[in-house]
Amino acid sequence: MFLWIFLIFIIGKEIVHAYLSWRNLKYATSHKEIPDILKDIITEENFKKAKSYLKDNTIFGFISQAFDLVITLVFLFFLYPYIENFVSSITSSFVLQGLLFFAISGLINLILSLPFQIYDTFVIEQKYGFNTMTVKTFILDIIKSIIISVILGTPILSLLLYIIKVDPNFWWKFALVVIFFEVFMIYIYPVLIAPLFNKFIPLEEGELKNKIMEIADKNGFKISNVFIMDASRRTKKQNAYLTGLGKTRRVVLYDTILSYPQEEILAIFAHELGHHKKGHITKSSILSIVFYVLYIYLTFLVYKKAPFTQYFGIKKEFTILLYSFMFISSLFYFITPLVNAISRRFEYEADKFSAEILNTPYPLINALKRLIKENLSNIYPDPLFRTWYYSHPAPVERIYSLLTLDKEAKSK
Ligand SMILES: [Zn+2]
């Protein structure tokens, strides 16, 4: 019985995802008119290109997802039990067995995912003129990711494996280590990890910087500078983000948005500042800590009760824990809409903040329009799909909401 529940969730999650993606494509292609609000910037050609980009991505998604599902099942029924056996024959140390198990499984997964990553970058993104990555950057990125996983992953994983081995009620210690690691990662990411992949250059002295610092000062945001990231070495897509914790907190702008009019860059900066002022990183960190604890506790319960050994022939604690984790994560897939609903609320708040401190929503509206055009965003995402997956409201919704704010402000 449990085996069926387990498989229904593992497979069901993929079916729901495929269904939502199909709905999303159908919804977008059924809309033939550019919304009035975008007619000044989006051309017919651009509109068609965005649809075709969505279509290519959706079809590619179906294929890679089907492949993933097959691989997951092969792993569950054959590969994980086989690798477990193999590592047990190599060493008698539990921690070493666990490390080898995850290293081998991770490597196989990486190799299997490579053709898909290559196709996505060098065929799809290339076709739409987004990709600026060379083969060299692509390969170096993978090598760097492996090295970072080994350096950061080995000590943390060894500690977790040790805890599992010595304490049968390991869940809360396990959760503490995971939370500590998460906070540590948020702190070091902007200064130690991100610079391994990109160059971060402080915005040069000048009018733009002065205006940014002025806005930051006025709103009590203590920063020495804003960082420009050389995103253009990988993509032409455009973005900005707030990152870090305490002293490493910073706003990062993609170099791809530097060609925007100054007031639009300021509006984008003000949006990121809004995330800082409204405590969004802190709030979402607290939420993810709650999630982690719940996640780990539920995984632990499944680990204690579920008869994985009987169905799959696995015996090691770390393998059983992995299966339990996979089960819980397929359950958690169904609360994705809730997590994204919170994130979308934060985005509206940050947009509102930007409009308020600049005394006008129009620069942000124009920046959003530019983003829709340049990133080939889907103008008509399916309502159910975007409720489920969109961490940001659809750009058009953001524009409408900003316009409503403007009307309200003017009527006061
Ligand atoms: Zn945002």
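Residues numbered from 1 in each chain as written. Predicted model: local features only at pLDDT ≥ 70, side-chain atom pairs only at ≥ 80, totals over all residues. Heavy atoms only, no water.

Colleague: When you look at the UniProt feature "domain: CAAX prenyl protease 1 N-terminal" (unreviewed entry) in the protein chain in this model, what are you seeing that I'm missing?
Modeller: In the numbering used here, UniProt assigns the feature "domain: CAAX prenyl protease 1 N-terminal" (unreviewed entry) to residues 26–199. This span, residues 26–199, is 83% helix and 0% strand, and a straight line between its end C-alpha atoms measures 40 Å. (UniProt positions renumbered as here; feature names shortened; annotations may be inferred. Helix = DSSP H or I, 4+ residues; strand = E, 2+ residues; numbered from the N terminus.)

Colleague: Help me out: how do you make sense of the nonpolar core in this one?
Modeller: Nonpolar side chains in soluble globular proteins tend to end up buried together. Judged by nonpolar contacts, the single largest core of 43 residues is most densely connected at Phe-6, Phe-170, Phe-174, Phe-308, Phe-312 and Tyr-323. When contributions to this core are tallied by element, the ones reaching two or more residues are helix 1 (2–30), helix 2 (44–90), helix 3 (94–127), helix 4 (135–166), helix 5 (171–197), helix 8 (280–305), helix 9 (308–312) and helix 10 (317–332). A per-element tally of this core places helix 10 first, with 9 residues. Ranked by size, the runner-up nonpolar core spans 24 residues in total, among them Leu-208, Val-226, Ala-240 and Ile-257. (Core = buried A, V, L, I, M, F, W, Y, C linked by side-chain atoms within 4.5 Å. Buried < 20%, exposed > 50% of the residue type's maximum accessible area, 1.4 Å probe, protein only.)

Colleague: Can you help me understand the sheet that holds strand 4 (residues 250–254) in this one?
Modeller: Either a parallel or an antiparallel arrangement is found when strands of a sheet pair, and the pairing is made through backbone hydrogen bonds. Taken in spatial order, the 4 strands of this open sheet run 1-2-4-3, and their pairing is mixed. The open sheet has two edge strands, strand 1 (200–202) and strand 3 (240–243), and neither has a second partner. The sheet shows a mean angle of 30° between the axes of neighbouring strands, taken without regard to direction. Seen against the sheet, helix 7 (residues 262–277) touches strand 3 and strand 4 and runs at an angle of roughly 30° to strand 3. (Pairing = 2+ DSSP bridges. Axes fitted to C-alpha atoms, helices over the stretch in contact; angles between N-to-C directions. Contact = heavy atoms within 4.5 Å.)

Colleague: What exactly am I supposed to notice about a nonpolar patch on the surface here?
Modeller: On the surface, Val-135, Ile-139, Leu-140, Ile-143, Ile-147 and Ile-151 cluster together into a nonpolar patch covering about 540 Å² of accessible area. Turning to its location among the elements, Ile-143 is positioned in helix 4. Accessibility expressed as a relative area gives 41% for Ile-143, which makes it partly exposed. (Patch = residues over 30% accessible without salt bridge, like charges linked within 9 Å, V, L, I, M, F, W, Y side chains within 5 Å. Areas by Shrake-Rupley, 256 points an atom, 1.4 Å probe, with all protein chains shown as cover. Salt bridge = Lys/Arg side-chain N within 4 Å of Asp/Glu carboxyl O.)

Colleague: I tried to follow the coordination of the zinc ion on my own but got confused; where do I start?
Modeller: In an ideal octahedron of six donors the angles at the metal are 90 or 180 degrees, and in an ideal tetrahedron of four donors they are 109.5 degrees. The coordination sphere of the zinc ion, as far as protein atoms go, consists of His-271 (NE2), His-275 (NE2) and Glu-347 (OE), spread over 2.0 to 2.1 Å. Counting along the primary sequence, the residues that act as donors to the zinc ion give the motif H-x3-H-x71-E. Pair noted here: His-275 is in helix 7 and Glu-347 is in helix 11 (residues 336–358), with a separation of 72 residues, a long-range link. (Donors = N, O, S within 2.8 Å, 3.2 Å for Na, K, Ca; no water.)

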